[in-house]
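Structural overview for review
Residues per chain, in single letters:
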Amino acid sequence: MIEFTTLPAVDRATTPLRKANLNAPRAIIAEDEPLLRDEIADALETLWPELQITARVADGVAALRELDRQIPEILFLDIQMPGMTGLEIARQVNGRCHIVFVTAYDQHAVEAFERGAVDFVLKPVTLARLATTVARLKERIRRPATSIDAVLNQLTVPPNGYLKWINASQGSMVKIITVDDVQYFQADNKYTLVVTSEGESLIRKPIRELAVELDPSSFWQVHRSTIVNVNAIAGVVRDMRGHAQVRLKKCTALLPVSDAFTYRFRQM
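For the structure given in this document, a descriptive report is provided here. (Residues numbered from 1 in each chain as written. Predicted model: local features only at pLDDT ≥ 70, side-chain atom pairs only at ≥ 80, totals over all residues. Heavy atoms only, no water.)

Now for the packing of helix H2 (residues 60-70) against helix H3 (residues 86-93). The N-to-C vectors of H2 and H3 enclose an angle of 20°; their axes lie 10 Å apart at closest approach. The orientation of H2 with respect to H3, classified from their angle, is roughly parallel. As H2 runs across H3, the sense of the crossing is right-handed. Contact residues: Gly60, Ala63, Leu64 and Leu67 in H2; Ile89, Gln92 and Val93 in H3. Of the residues contributing to the contact of H2 with H3, the split by class is five nonpolar, two polar and no charged. (Axes fitted to C-alpha atoms, helices over the stretch in contact; angles between N-to-C directions. Helix = DSSP H or I, 4+ residues; strand = E, 2+ residues; numbered from the N terminus. Parallel < 35°, antiparallel > 145°, perpendicular 65-115°, else oblique. Left-handed = near helix turned anticlockwise from the far one by under 90°. Contact = heavy atoms within 4.5 Å. Nonpolar A, V, L, I, M, F, W, Y, C, P; charged D, E, K, R; others polar.)

Strand order in the open sheet formed by three strands is E13-E14-E15, with antiparallel pairing between adjacent strands. Whereas interior strands pair on both sides, the edge strands pair on one side only; in this sheet they are strand E13 (233-238) and strand E15 (254-256). This sheet shows a mean twist of 30° between the axes of neighbouring strands, independent of strand direction. (Pairing = 2+ DSSP bridges.)

Here we come to unusual backbone geometry. Going from Lys123 to Pro124, the amide bond is cis rather than trans, its omega being -5°. Among the structural elements, Pro124 can be located in the loop between strand E5 (119-122) and helix H5 (127-140). Of note in this structure, Ile71 is not a glycine but carries a positive phi near 50°. Along the chain, Ile71 falls in the loop between H2 and strand E3 (74-78). Positioned with a positive phi, Asn189 is a non-glycine residue whose angle comes to about 55°. Relative to the helices and strands, Asn189 is located in the loop between strand E8 (182-188) and strand E9 (191-196).

With that out of the way, let us pick up the packing of aromatic side chains. Overall, the coordinates contain two aromatic pairs when judged by the stated rule. Ring geometry for Phe185 against Phe219: centres 6.0 Å apart, planes inclined by 55°, an arrangement best described as tilted. Of the two residues, Phe185 sits in strand E8 while Phe219 sits in strand E11 (residues 219-223), which places them 34 residues apart along the sequence. One exposure class covers both Phe185 and Phe219, and it is buried. Geometrically, the ring pair formed by Trp220 and Phe265 is edge-to-face, given 5.8 Å between the ring centres and 65° between the ring planes. With Trp220 in strand E11 and Phe265 in the segment after E15, the pair connects residues that are 45 residues apart, well separated along the chain. By relative accessible area, which is 4% here, Phe265 ends up buried. The ring of Phe120 is capped by Arg129, whose NZ or CZ atom sits 4.9 Å from the centre of that ring. (Phe/Tyr/Trp six-rings, centres within 6.5 Å; stacked < 30°, edge-to-face > 60°. Buried < 20%, exposed > 50% of the residue type's maximum accessible area, 1.4 Å probe, protein only. Lys NZ or Arg CZ within 6 Å of the ring centre and 35° of its normal.)

Nothing here speaks to function; it is all geometry.
What follows is the structure, given as structure tokens:
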């Protein structure tokens, strides 16, 4: 969630619609999280009132359709979306508009983003970071969008594909565990705990490296020290203080969700 700590509340029912400025830059927001999609739009309206948000879409197919219809100068593009991924869309629109990637995964080649051809904002999106993006866009909007092939080549699946199995220590034995069998990974001092329905094992690979190597559509980071298998999630409960916790199908552990990742479970 974007934090509007310095902004007054807005009554949508009484706020008049802005008149379209035909000379103003246009933007499309493609984000499958409805609340985040609206929050980005609201933040942009505050930071860049002249910008016209011409469409808000929730999947890749709709994004391409609106791109052909609206021909915007700017596209805010979620990397992980149903239908088509943001990277697939970016390849098709390469050079047609300025792209800002919206992602929950800082492993998506931040170095590549910083080359200057494309910008990015990390989830949870903050007003301060979005303000930086707006400043960059205002400077770039005067120039034609450039090719971002070099960036996209660094944002594809790792050279050897996403991690499929791991070698984990269980007592004096080394086990081969397929990642599909893992319920969750959790940092444990110098090691990472690997929990399956059959027991617990240890690996030396830190959480930050696992976050890069695991398929982000199947494994979600819910805390700086915890990554959970999406297919293992039974639901989300809240403790006495209202903090979210992940409940698993085949494990009794309740995994705390930090505020930075609660947006994943807003619809639950």
